[in-house]
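# Tertiary structure, described
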Amino acid sequence: MQDSNGLKKLYIDQLNDLYSGEQQILKALPKMAQKASHPELRDAFKEHEQQTRQHVQRLEQVFQQLGEKAGNETCKGMQGILSEGDEVMNKYSDSDVLDAALIAAAQRVEHYEMAGYGCVCTYADTLGMQDQAELLQQTLEDEEDTDQKLSDIAESVVNADAMDR
């Protein structure tokens, strides 16, 4: 039983990390959408902002089911990834190259989130918390879909436009 208690504590810690990350992303996405020049990319960032609000709500629902309150910790990993994204936004002045750089930065965020959500899905499943596992799986699938959408935008339009610069 001690292992279960340890895993549950880890699960809650990881949920807090994801919650902090999602809050940070909510602040970054409007800036990214504003910097994006391709309409498809701008729309993708705006759409993901709405999805991210749903992700926060799902995490709050999981915390409520656990009888826990989301902590005030800062996800340092997401903070670092977003900080690099800020550097990218300030480094490239050509809008097409900037869009390619924004996609790269956004995909780093998505992959970090996919790793985190994959873990908490597994923890919830192991702990027998199927309702939570399903909620978290929905978010994992959203992150995977966003990553694929960003790849599609890069491959269909943005990278070719950036190459011409």
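Just above, that's the structure.
Think of two packed helices as two axes; the pair is described by the angle between the axes and how far apart they sit. It is at 8 Å that the axes of helix H4 (residues 95-126) and helix H5 (residues 130-163) come closest, and there the two elements cross at 160 degrees. Between H4 and H5, the angle is such that the two are roughly antiparallel. Pair H4 / H5 crosses with left-handed handedness. The residue makeup of the contact of H4 with H5, split by class, is 17 nonpolar, 10 polar and nine charged.

This part takes up helix H3 (residues 76-91). Here H3 contains 16 residues, and its C-alpha end-to-end distance of 22 Å stays within 8% of the 22 Å for a straight helix at 1.5 Å per residue. Listed as buried for H3 are Met78, Ile81, Leu82, Gly85 and Met89. An end-on view of H3 places all buried positions within 95 degrees of arc, on one side of the element. In H3, the exposed residues that point more than 90 degrees away from the buried face are Lys76, Glu87, Asn90 and Lys91.

This part takes up the packing of aromatic side chains. By the definition in use, this model includes one aromatic pair. Judged by centre distance (6.0 Å) and plane angle (85 degrees), the ring pair of tyrosine 19 and phenylalanine 63 falls under edge-to-face. Within this pair, whereas tyrosine 19 is found in helix H1 (residues 2-35), its partner phenylalanine 63 is found in helix H2 (residues 39-66), the two being separated by 44 residues in sequence. The buried category is assigned to tyrosine 19, whose relative accessible area is 13%.

Our next topic: H5. For H5, with 34 residues, the first-to-last C-alpha span of 47 Å sits near the 50 Å given by 1.5 Å per residue. Along H5, the largest kink reaches about 50 degrees and is centred on alanine 154.

The rules we used
Residues numbered from 1 in each chain as written. Predicted model: local features only at pLDDT ≥ 70, side-chain atom pairs only at ≥ 80, totals over all residues. Heavy atoms only, no water. Axes fitted to C-alpha atoms, helices over the stretch in contact; angles between N-to-C directions. Helix = DSSP H or I, 4+ residues; strand = E, 2+ residues; numbered from the N terminus. Parallel < 35°, antiparallel > 145°, perpendicular 65-115°, else oblique. Left-handed = near helix turned anticlockwise from the far one by under 90°. Nonpolar A, V, L, I, M, F, W, Y, C, P; charged D, E, K, R; others polar. Expected span 1.5 Å × (residues − 1). Buried < 20%, exposed > 50% of the residue type's maximum accessible area, 1.4 Å probe, protein only. Arc of directions from axis to C-beta. Phe/Tyr/Trp six-rings, centres within 6.5 Å; stacked < 30°, edge-to-face > 60°. Bend = angle between axes of the 7 residues up to and from the residue.

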